[in-house]
Amino acid sequence: MINQYFQRKYIIGGIILLAGLVLLFRLFYLQVVNSSYKLSAENNSKREVIQYPARGLMYDRNGTLLVSNQAAYDVMLTPGQLDAFDTISFIKILGISLADVRSGIKKAKEYSSFAPSVFMKQVSGEIASVLQEQLYKFPGFFVQTRTLRKYPRNIAAHLMGYVGEVDKNIIGNNPYYQMGDYIGISGVEKRYEEILRGVKGKKNYLVDVHSRITGSYQGGRFDVPAKIGKDITLTIDADLQEYGESLMKNFTGSIVAIEPSSGEMLCMVSTPSYPPDLLVGRGLSHNFNSLSSDTLNPLFNRAIAASYPPGSTFKLINALVGLQEKVITPATEFGCQSGYAFKGQFLGCHSHRSPLDLREGIQNSCNSYFVNVFRRIMEDPKFGSTDQAFNNWRKHLLSFGLGNTLNSDLSGELKGFIPKDEYYNKYYGKDHWNFLTIRSLAIGQGELGVTPLQMANLTSAIANQGYYITPHVLKAVIGEESIDPAYLERHYTSIDTTYFPIVIDGMELAVNGGAGSTAGRAKIEGIVVCGKTGTAENPHGEDHSIFIAFAPRENPKIAIAVYIENGGFGGTWAAPVASLMIEKYLTREVKRKYLEDYIYNAEIKRK
Amino acid sequence: MRRGNIIANLDWITIMLYLLLVIMGWLNIFSAVYSEGHPSILDINQRYGKQFIWILAAIIMAIAIVLIDHRFYEFFGYILYGTAILILLAVLVAGKEINGSKSWFALGGFQIQPSEFAKPAVALALAKYLSTFNINSKKFSTLLKVGIIIFLPSLLILLQPDTGSALVFFAFVLPVYREGFSGAILIGMFALALLFILVLVSNELVLLASIIALGFIAYWLMVKSFKNLILAVLIFIAFFFISLGASYLFGNSLEYYPAALISMVLSIITYLILAYIHRIRKVGILMLVVAATVFYTFAVNYSFDHFLSDYQQRRVNIMLGIQSDPLGAGYNVNQSMIAIGSGGVVGKGFLQGTQTKLNFVPEQSTDFIFCTVGEEWGFLGTTIVIILFLYLFIRLITLAELQKEKFARVFGYGLVSVMFLHFFINIAMTIGLFPVVGIPLPFFSYGGSSLWAFTIFLFIFLRLDAGRKE
């Protein structure tokens, strides 16, 4: 009787076993069935720290350092790890206000709660080290080391371009980049981004709940070392570039110099320019804004993105086409009475001796002579109509790399403009135009648009007597065998090699021919410079001064095109500038100080 | 086997299980707070070194308990219970407040938690009372006295406040049930708990409607008169619409809940009058139950809002799925489940756990020690621990059933029940099945008070059991 309820032990035992089973089922689900907790655990305790490789350096063709790196420190924030922290000492260390902290945190939260984003950019090394020491007080924050660009020579801003932070657009298109990463925005930095940037690596650390690093994750088994960016050598000659920039400091315009035998760009000057270190670090966006609102547009790379009429330099092309189409010979003479008159139309010329043959026509840059040449080209009986003759002429032009991008390794190249017959057909109606309608093309005016780069390339093709190699700025990637074969290939023009010496004779005379030579100022003692002046008509103001040249005549080392906006006649400013550049490049020093002073003291009205 | 050696008379299976669990607990504490700076498990500046001292002390206590005559415990049952009550009162006055609870006495360098020791004391007093000659479990006064013995210390602990420890005293319902008290007590407790949760989860109007509907069903089952049921329902509906109309007329809005409540009260009065006239006896009891249930739902809601602290409310809500807030109050449970879940089938290995070691799991050496087991030893380890505990419980039930003396049996059941509830609630809260109430896992969790109290509890019973064979 005393133990009549003993069966109840089964109920009690049953409850206990049932409860134990419930626990086991739940544990089975958590530990065996559901795998999401394993992932959560990893995310909890593993912190991936991105290792940013140093960006590749740039050297000039002589091994002079053009671009290097400097360390910078970004204060990063992962909002999800944020906890109450000592705000007072935090703002003291960083030297910011409480409002900055609030807005910074808000911004970071808007980006992501779990991914770190930049809280404060590029603090000094001193601040970074103080913060690093006291980081344990500020959960969620950490310091990320970055490299910024440094410019020992502070030149060639347009050519090298600059590095800036990626925007949402880039992140969306390329998964490699994350918020806060840097990317080449323009110039060489942009074109060779993938070579220069290297490959980001990652280190996995174990962190505790306060996100303090406690060691490496699994002994670094999943770490990926960063691949350092490759150094590159540019074709640029730093001294020449610097000299060119100094010569152009009073002018708006550009200089492009190419080594004809290789297509390597020796310099590329575009003024007004800016010192490249303006677009580095924290000042970037402010400076960028002030540069882009500058009326002189210093960010604009005129060398490849500005299109001007070629002016009289174009007479060389018309001479070559005339010779190739056999509508003239070197001995063909035309008279000139201070201009060309035909059917009531008149195209003026300066006064010179008359008549002239081809070489002299080039030497004197006679307008009448080349209108006559152009007329013969356009009225060539081989072709049934002006239309067909025009198309043939145009084809020759395109073979010099005009009217299209050259596909150099600089981004932002302009195509320029060589009109098609359709252009005139549309404007005047088919068969309602003739050579007279388009006579200004004879002397490089009118509808033509050519960039300084295209002009330099054209000069290079003449210097090479019939071919050019696509201009480029990358000489070598250090540690790699060869460059893109596209920059080794010869592009032949449609003009036979035999015709070039005749035109080159004219160019030599233009510089060295004494009386009547249009480019006497380009003459250098001891070096045979071959050149041609040009003056591009400018409806908005003073004409642009143009000069193209190469030197020496035998085995040319440099081909150059100089454009000086509003510089007037080509012989006035562009020829001496080109001449000084050639002297600098070929002899490494300039003896003609008087000519230098003349340029340095130039005063022209910029438009 | 009479008057044998005391050592031979002890149940060594239980002692082995005890030692096994204590050592496993110690190793897991070592792993949970392990740092490379203090690699020695005996370093007394670290928790694992301290736990080693607590273990040694516990073993000395166990030996002392075994050496005392078994009749001592029955004889001094009430006195020990009274002492425990006095200490619980004292801690409310002179205790040290930690984490908002006045549950501790600071003695020199360490703290003692008296609520732990109240549990064996209650078991002694309960056993002594229930083993009184000729006790009548059907009498209300008996039930009342049992209730007082169990819930007086629980109430004092609730005042500290320490909800988790107070809750554990519900475990003593099991020995009471075992001794022949109505099964209704067990079912009633279970129903109360269920209703408690339902009140928190569902809309009060739905709940009231369900209670009323259940009342009608119960009435129909009891009286089996369809005619009366229809009448009752019609009466209720009539009152309901009158109340609703009144609320619309005077308050200019339709207040369903008060209308339902008022119509229920009016209906109950009407039913009681009708039942009295027609001499239908059972209706009175039914009405009482329905009214009590509704009152209880109020009480739960009220106490939830007024007695539980904000964080406790949040924890209950998290557990019930009312709030999802992974970085807020649910953070602990979430981290704990991540730790256990990440252990997989075989675990990450001893000292290899990342979640517990890197402090993602809070209180990882005390209330959440099971996380370390789960993370480092996987499903295999958790299963072994649970099976060991279940084996210990079954062993203790078996031993309790073998007792010739009712005192020893009740005490044994008290031990199993308290230990079981600790075990269940502790593990259930680490895996998200129970709100985080903060009670230790017996023998595993770091801390002298818990270890010593359970050691004393267990070894008193083993001494009683050994006494049976003398």
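All figures in this text were calculated on a predicted structure; none of them were measured in a lab.

The subject of this paragraph is helix 13 (residues 315-324) of chain A. Residue and element names in this part refer to chain A. Among the ten residues that make up helix 13, ten are buried, leaving the element largely enclosed by the rest of the structure. Every buried residue of helix 13 is accounted for by Lys315, Leu316, Ile317, Asn318, Ala319, Leu320, Val321, Gly322, Leu323 and Gln324. Phi turns positive one or two residues past the end of helix 13, at Lys326, with a value near 55 degrees.

This part is about the nonpolar core. Generally speaking, a soluble globular protein has its nonpolar side chains buried in company with each other. Counting residues in each nonpolar core, the largest one holds 114 residues, and the members touching the most others are Phe423 and Phe443 of chain B. Within the second largest apolar cluster, 101 residues are counted, among which are Ala72, Ile232, Leu320 and Leu406 of chain A.

Right, let's get into the domain arrangement of chain A. All names here are of chain A. By domain assignment, chain A separates into domain 1 (52-229) and domain 2 (238-600). If you look at the interface, domain 1 gives 31 residues, while domain 2 gives 37 residues. Both faces considered, domain 1 and domain 2 share a buried interface measuring about 2700 Å² in area, 60% of it formed by carbon and sulfur atoms. Counting the surface domain 1 buries against domain 2, the share from its top three residues, Arg61, His158 and Tyr162, is 28%. Where domain 1 packs against domain 2, one counts four salt bridges. Of the charged contacts, one joins Glu264 and Arg61 as a salt bridge, the two residues approaching to 2.9 Å between their closest N and O atoms. Elements represented by at least two residues in the side of domain 1 that touches domain 2 include exactly strand 3 (65-77), strand 4 (117-123), strand 5 (141-150), helix 6 (157-160), strand 6 (163-165) and helix 8 (187-191).

This part is about the sheet that holds strand 12 (residues 264-271) of chain A. Residue and element names in this part refer to chain A. The antiparallel open sheet is built from five strands, whose spatial order is 12-11-20-19-18. The two strands at the open ends of the sheet, each matched to only one other strand, are strand 12 and strand 18 (530-536). Between one strand axis and the next, the sheet turns through 10 degrees on average, direction left out of account. Pairing of strand 11 (residues 253-259) with strand 12 involves seven bridges; the strand directions are antiparallel. Each bridged residue has a counterpart across the sheet, and for Ser254 the counterpart in strand 12 is Ser270. With respect to the sheet, helix 18 (residues 452-463) is in contact with strand 11, strand 12, strand 19 (544-551) and strand 20 (558-564), its orientation differing from that of strand 20 by roughly 145 degrees. Contacts from helix 20 (residues 574-587) reach strand 11, strand 12, strand 19 and strand 20 within the one sheet, and its direction differs from that of strand 20 by about 145 degrees.

A few words on a nonpolar patch on the surface. Judged by side-chain polarity, Phe28, Tyr29, Val32 and Val33 of chain A together with Val345, Val346, Leu380 and Ile384 of chain B come together as a nonpolar surface patch covering roughly 700 Å² of accessible area. Only helix 1 (8-33) of chain A together with helix 17 (369-402) of chain B provide two or more residues apiece to the nonpolar patch. At four residues, the largest contribution of residues to the nonpolar patch is made by helix 1 of chain A. The residue Leu380 of chain B is located in helix 17 in this model. On the basis of relative accessible area, Leu380 of chain B is assigned to the exposed category, the value being 51%.

With that out of the way, let us pick up the state of the cysteines. Here, disulfide denotes a covalent bond that connects the sulfur atoms of two cysteines. Residue and element names in this part refer to chain A. Tallying each qualifying case throughout the model produces zero disulfides over all chains. Free cysteine: Cys366, not disulfide-bonded; nearest cysteine sulfur from Cys336 at 3.8 Å. With a relative accessible area of 1%, Cys366 lands in the buried category.

Residue and element names in this part refer to chain B. Packing of helix 6 (residues 114-130) against helix 18 (residues 406-430) leaves a shortest axis separation of 8 Å and a crossing angle of 145 degrees. The two elements helix 6 and helix 18 cross, and the hand of that crossing is right-handed. On helix 18, the residues that touch Glu116, Lys119, Pro120, Ala123, Leu124, Leu126, Ala127, Lys128 and Leu130 of helix 6 are Lys406, Phe407, Val410, Phe411, Val418 and His422. Split by residue class, the contact of helix 6 with helix 18 holds ten nonpolar, one polar and four charged.

Model confidence for chain B is summarised by a mean pLDDT of 83, while 88% of its residues fall at 70 or above. Overall, residues 321-329 of chain B carries pLDDT values under 50, and its contacts beyond four positions in sequence, including any with other chains, amount to 14 contacts.

Moving on: the interface of chain B and chain A. When the parts come together, some accessible area is lost, and that loss is often what is quoted as the size of the interface. On the side of chain A, 35 residues touch chain B, which itself brings 49 residues to the contact. Buried area between chain B and chain A, summed over both chains or domains, comes out near 3700 Å², and the portion from carbon and sulfur atoms is 73%. Between the two partners, chain B and chain A, sit eight residue pairs in polar contact (both at pLDDT 80 or more). Elements supplying a minimum of two residues to the side of chain B that touches chain A: helix 9 (173-178), helix 10 (183-201), helix 16 (331-342), helix 17 and helix 18 of chain B. Of all the elements, helix 17 of chain B adds the most residues to the side of chain B that touches chain A, at twelve residues. Considered class by class, the residues forming the side of chain B that touches chain A number 28 nonpolar, 15 polar and six charged.

About the thresholds
- Residues numbered from 1 in each chain as written.
- Chains lettered and ligands numbered in written order.
- Predicted model: local features only at pLDDT ≥ 70, side-chain atom pairs only at ≥ 80, totals over all residues.
- Heavy atoms only, no water.
- Buried < 20%, exposed > 50% of the residue type's maximum accessible area, 1.4 Å probe, protein only.
- Helix = DSSP H or I, 4+ residues; strand = E, 2+ residues; numbered from the N terminus.
- Core = buried A, V, L, I, M, F, W, Y, C linked by side-chain atoms within 4.5 Å.
- Domains from an automatic or database assignment.
- Contact = heavy atoms within 4.5 Å.
- Buried area = accessible area lost by both parts, 1.4 Å probe.
- Salt bridge = Lys/Arg side-chain N within 4 Å of Asp/Glu carboxyl O.
- Pairing = 2+ DSSP bridges.
- Axes fitted to C-alpha atoms, helices over the stretch in contact; angles between N-to-C directions.
- Patch = residues over 30% accessible without salt bridge, like charges linked within 9 Å, V, L, I, M, F, W, Y side chains within 5 Å.
- Areas by Shrake-Rupley, 256 points an atom, 1.4 Å probe, with all protein chains shown as cover.
- Disulfide = S-S within 2.5 Å.
- Left-handed = near helix turned anticlockwise from the far one by under 90°.
- Nonpolar A, V, L, I, M, F, W, Y, C, P; charged D, E, K, R; others polar.
- pLDDT = per-residue confidence, 0-100.
- Polar contact = N/O pair within 3.5 Å; in protein donor to acceptor, adjacent residues only side chain to side chain.

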